[in-house]
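# Architecture at a glance
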Amino acid sequence: MTEPHAAARERQTLQRAQALYDMARTLTDGPSEEELLRRVVNSVVAVLGVNRAVLLTLSEDVPRVEHFLVAGPGAVHVQRPTWQELATGLTGWVLRERRVARSPAGQDDPREGPEARQRRRETVCGDIIVLPIMMKTRVFGTLTLINLPWGPPFTDDDVAWLEALVHQAAAAVQQERLIQTLHRHALFDARTGLPARPLANDRLRQSLWHAQRSATSFALLLLQPEPPSDAQSASSAEFRDALAVQIARRLQDLPGAFSTLAHWDDETFMLIAEDVPDEHHAFRVVNQVMNAFAEPFVLPDLPAPLPVTASVGVSIFPVDGQDVVALHKHAAVAQYNARHAGGGSAARFSPTVTDQQRLAQQIAAALPGALERNELFLMYQPQLDAQRRLWGFEALLRWQHKTLGLVPPDVFIPVAERTGLILPLGEWVMRQACRQLRAWQDRGALNLHMAVNVSQVQLQHPEFVHQVEAALRAAGLNGEQLELELTEQMVFQCSEVVRAKLAALHHLNVRLALDDFGVGHSSMQTLAQLPFDVLKLDQSFVRDLEGNARTHRIVKAIVDMAHDMKMTVVAEGVEGAIQWQLTEALECDRTQGYLLSRPLAAEAVPAWMNLHASDGRGLPRPER
């Protein structure tokens with residue numbers, strides 16, 4: 001080989017490697033699907049110097065061309081083909097056989113129909129190569145390269161490089177489609193089509209911003225439907241879904257009562273009524289909302305129309321709160337009070353001590369027998385590692401009382417701590433979570449871990465370390481399979497006795513996680529002296545990552561600091577695909593949040609794991 005030819009061959013080799021590297025980078029760049037595919041055809045022309053390159057993708061449900069991209073000097077002569085032209089040509093053969101087709105210049109190809117052969121004779125064509133673009137087992141597109149008759153033939157090296165290029169392109173397209181699907185699922189409730197929690201939070205922030213700028217008020221309403229307790233199938237998912245859909249339709253049909261309607265969670269709708277100056281105007285909106293429940297609901301499999309009432313809690317900006325968290329918390333308290341005042345009622349948030357005391361007294365009276373009445377149960381929220389594989393679950397305590405209903409943890413946990421009931425509850429949670437992890441492992445789900453929250457009262461108890469050890473031993477688990485979550489407030493003012501307990505837990509190989517990091521008064525020197533393995537970023541950081549450069553720099557510094565100290569970083573509260581991408585770019589080691597999954601009942605976990613079985617890159621499938 002002459003020196004000029006050797007230099008040209010070396011340049012082409014470098015070009016090919018650079019093109020593959022650039023395509024691999026698209027797996028993290030996140031371009032649009034069309035932009036990604038355009039990079040493919042442009043790369044082919046730049047590296048191989050073909051006369052024209054054609055890339056097309058097909059619709060999944062009907063035989064239709066979706067993307068049609070061309071590049072190269074001869075691109076101006078390429079016309080969009082009909083489906084019949086594709087089916088009878090070399091492209092049709094590739095789609096059917098799912099193999100690469102190489103066709104030399106100057107010959108009829110028996111794989112083409114008569115019309116396709118005639119078209120080829122009438123155009124200026126040399127060597128042709130058509131490659132299938134595969135997404136798993138389905139051909140979702142093809143890449144066609146056409147040389148001029150006097151151009152060089154395609155070599156085996158050309159084919160190998162092209163196959164690598166389209167494989168990486170297919171992986172990038174699949175990732176982009178998955179992210180878009182996850183984004184849609186995260187933003188909108190699949191049943192009602194209403195905004196889900198992430199988008200509802202964003203709408204609430206927008207209303208707050210508008211009210212602050214315009215010096216106006218708005219009302220936040222939380223609505224919980226209440227079907228009769230004796231309704232047939234009232235606890236089934238099909239019943240709840242059908243009822244939620246009908247309620248959403250009725251609320252959407254209300255004329256101009258509110259600016260935002262969202263499905264906050266399985267049991268709660270969120271409404272925002274803007275330009276509401278006072279309680280009188282807020283309850284005019286409430287009355288309109290209550291009118292949606294005036295007529296009974298006709299539901300499948302029920303013999304008669306079903307009367308449904310609703311409880312509504314109201315908070316008003318700025319009187320009842322001046323930020324999103326306070327407004328939502330106070331509306332939730334008001335809704336809780338309305339529910340226990342009787343069916344079909346509404347309540348405005350009241351900060352009076354008597355309301356809070358009455359609620360605490362009710363809970364304190366009902367909580368002691370909750371374990372014996374089997375009212376307490378655990379939910380499990382998945383965590384994914386940096387490769388998007390399932391790391392394990394965080395166990396979350398829930399309480400369903402027959403008259404109080406579903407009592408929020410932030411309501412009953414403080415009562416349990418004040419009364420000392422957190423000690424038996426905490427021990428029960430530890431044992432139950434360990435037993436559940438053992439049960440999943442016995443069914444073949446190996447290498448899973450369990451995270452359990454620990455109260456300050458538990459940590460200070462003399463027998464706490466022994467209780468942890470006993471729970472592990474009873475379940476047949478190793479210490480490294482358990483992760484205990486403690487808050488900053490618990491450990492940065494802890495005594496030497498508590499420090500000794502942390503050391504003892506570390507000696508058991510139990511992993512220690514510092515929860516809600518960044519919202520307390522953290523001392524880096526104290527943190528360095530404690531045996532923590534994990535930092536859980538407070539979700540307020542994750543929520544503010546998007547579009548906030550200052551938060552981005554803070555989180556980057558925290559992650560780098562934690563990694564320097566050999567600590568794992570968990571991003572919790574991930575509710576949107578962009579948040580997920582940002583936490584990955586910042587090199588967070590684990591992710592948790594509603595985007596990945598809401599907390600799951602124990603019996604729902606195996607089905608979730610099957611549905612979200614990872615593909616080659618560990619990407620979970622979107623929730624249905």
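Residues numbered from 1 in each chain as written. Predicted model: local features only at pLDDT ≥ 70, side-chain atom pairs only at ≥ 80, totals over all residues. Heavy atoms only, no water.

## Brief notes about the sheet that holds strand β4 (residues 128–135)
The sheet built from five strands is open, its strands ordered β2-β1-β5-β4-β3 with antiparallel pairing. Every interior strand has two partners, whereas the edge strands, β2 (65–71) and β3 (101–103), have only one. Averaged over all pairs of adjacent strands, the angle between strand axes in this sheet comes to 15°, irrespective of strand direction. In this structure, β3 lies alongside β4, joined through three bridges in antiparallel fashion. Each residue of the ladder has a partner; that of Arg 102, found in β4, is Ile 129. Each of β1 (52–58), β3, β4 and β5 (138–146) is contacted by helix α4 (residues 90–97), which is oriented at about 35° to β4, the strand it contacts most. (Pairing = 2+ DSSP bridges. Helix = DSSP H or I, 4+ residues; strand = E, 2+ residues; numbered from the N terminus. Axes fitted to C-alpha atoms, helices over the stretch in contact; angles between N-to-C directions. Contact = heavy atoms within 4.5 Å.)

## Let's talk about the packing of aromatic side chains
When we look at a pair of aromatic rings, we describe it by the centre distance and by the angle of the planes. If you walk through the whole model with that rule in mind, you get six aromatic pairs. Measuring from ring centre to ring centre gives 5.6 Å for Trp 399 and Phe 412, while their planes differ by 80°; the resulting arrangement is edge-to-face. Placement of Trp 399 in strand β12 (residues 390–401) and of Phe 412 in helix α12 (residues 409–419) is noted, with a sequence separation of 13 residues between them. Of the residues examined, Trp 399 reaches a relative accessible area of 0% and is grouped as buried. Among the residues examined, Phe 412 registers a relative accessible area of 0% and is labelled buried. Grouped by ring-pair contacts, the aromatic residues Tyr 380, Phe 393, Trp 440 and Trp 608 constitute a single cluster. Directly above the ring of Trp 391 sits Arg 590, whose terminal nitrogen or CZ lies 3.7 Å from the centroid. (Phe/Tyr/Trp six-rings, centres within 6.5 Å; stacked < 30°, edge-to-face > 60°. Buried < 20%, exposed > 50% of the residue type's maximum accessible area, 1.4 Å probe, protein only. Lys NZ or Arg CZ within 6 Å of the ring centre and 35° of its normal.)

## Here's the deal with unusual backbone geometry
Here the bond from Phe 317 into Pro 318 is cis, since omega is 5°, no more than 30 degrees from zero. A positive phi is found at Arg 98, a non-glycine position, where the angle reads about 60°. Position of Arg 98 relative to the elements: it lies in the loop between α4 and β3. Residue Lys 566 is not a glycine yet carries a positive backbone phi of 60°. Mapped onto the elements of the fold, Lys 566 is located in the loop between α20 (549–564) and β18 (568–572). On the basis of relative accessibility, which here comes to 75%, the residue Lys 566 falls in the exposed class.

## Focus: the sheet that holds strand β10 (residues 346–348)
In any sheet, the strands associate via hydrogen bonds between backbone groups, in a parallel or an antiparallel arrangement. Pairing in this open sheet of five strands is mixed, and the strands run β7-β8-β6-β9-β10 from one edge to the other. The open sheet has two free edges, formed respectively by β7 (260–265) and β10, since each of these has just one partner strand. Strand after strand, the sheet turns through a mean of 20° between neighbouring axes, direction not considered. Of the strands in this sheet, β6 (218–226), β7, β8 (268–274) and β9 (309–317) are in contact with helix α7 (residues 197–214), which crosses β7 at around 135°.

## Quick notes on the pairing of β1
Across the seven residues of β1, seven count as buried, placing the element largely inside the fold. Sheet analysis places β1 next to β2, joined by five bridges and oriented antiparallel. Residue pairing for β2: Ala 53 is matched across the bridge by Ala 71.

## Details of α4
Within α4, six of the eight residues are buried, which leaves it mostly tucked inside the rest of the structure. Every buried residue of α4 is listed here: Leu 90, Thr 91, Gly 92, Trp 93, Val 94 and Leu 95. In the core, the buried residues of α4 are packed alongside β1, α3 (83–88), β3, β4 and β5. Positioned one or two residues after α4, Arg 98 has a phi angle of 60°, which is positive.

## Structural notes on the nonpolar core
The biggest cluster of nonpolar side chains holds 75 residues, and the ones touching the most others in it are Trp 399 and Leu 484. Among all residues touching Trp 399, those that are not within four sequence positions of it are Ile 363, Ala 366, Leu 367, Ala 370, Glu 375, Leu 376, Phe 377, Leu 404, Gly 405, Leu 406, Val 407 and Phe 412. (Core = buried A, V, L, I, M, F, W, Y, C linked by side-chain atoms within 4.5 Å.)

## What to know about the side chain of Asp 189
In this structure, Asp 189 sits in the loop between α6 (156–187) and α7. Judged by relative accessible area, Asp 189 falls into the buried class, the value being 12%. Among the polar contacts made by the side chain of Asp 189, one reaches the side chain of Arg 191 at a distance of 3.0 Å. Not counting residues within four places of it along the chain, the set of residues in contact with Asp 189 comprises Leu 194, Pro 195, Ala 196 and His 263. (Polar contact = N/O pair within 3.5 Å; in protein donor to acceptor, adjacent residues only side chain to side chain.)

## Some words on the packing of helix α13 (residues 422–442) against helix α15 (residues 464–475)
Following both chains from N to C, one finds α13 and α15 inclined at 25°, their axes separated by 8 Å at the closest point. Between α13 and α15, the interaxial angle falls into the category roughly parallel. α13 and α15 meet at a crossing whose hand is right-handed. Side by side, α13 and α15 meet where Glu 427, Met 430, Arg 431, Cys 434, Arg 435 and Arg 438 of the first sit next to Phe 464, Gln 467, Val 468, Ala 470, Ala 471, Leu 472, Ala 474 and Ala 475 of the second. Class assignment of the residues belonging to the contact of α13 with α15 gives a composition of nine nonpolar, one polar and four charged. (Parallel < 35°, antiparallel > 145°, perpendicular 65-115°, else oblique. Left-handed = near helix turned anticlockwise from the far one by under 90°. Nonpolar A, V, L, I, M, F, W, Y, C, P; charged D, E, K, R; others polar.)

## Quick notes on the confidence of the model for the protein chain
Of all residues in the protein chain, 85% attain a pLDDT of 70 or more, and the chain-wide mean is 83. The least confident element of the protein chain, judged by mean pLDDT, is helix α1 (residues 3–29) at 61; the most confident is strand β14 (residues 449–453) at 95. A low-confidence stretch, residues 614–624 stays under pLDDT 50, and its non-local contacts, those more than four residues away or across chains, total 40 contacts. (pLDDT = per-residue confidence, 0-100.)

## Side note on the environment of Asn 287
Within the secondary structure layout, Asn 287 lies in helix α9 (residues 279–291). Sequence spacing of Asn 287 and Ser 345 is 58 residues, and the spatial spacing of their C-alpha atoms is 9.9 Å.

## Notes on the packing of α15 against helix α17 (residues 496–507)
Any two packed helices are characterised by how steeply their axes cross, that is the angle between the axes, and by the distance between the axes. Following both chains from N to C, one finds α15 and α17 inclined at 15°, their axes separated by 10 Å at the closest point. In this view, α15 runs roughly parallel relative to α17, as classed from their interaxial angle. In the crossing of α15 with α17, the sense of the turn from one axis to the other is right-handed. Contacts between α15 and α17 involve Phe 464, Val 465 and Val 468 from the first element and Lys 501, Ala 504 and Leu 505 from the second. Here the contact of α15 with α17 is built from residues that sort into five nonpolar, no polar and one charged.

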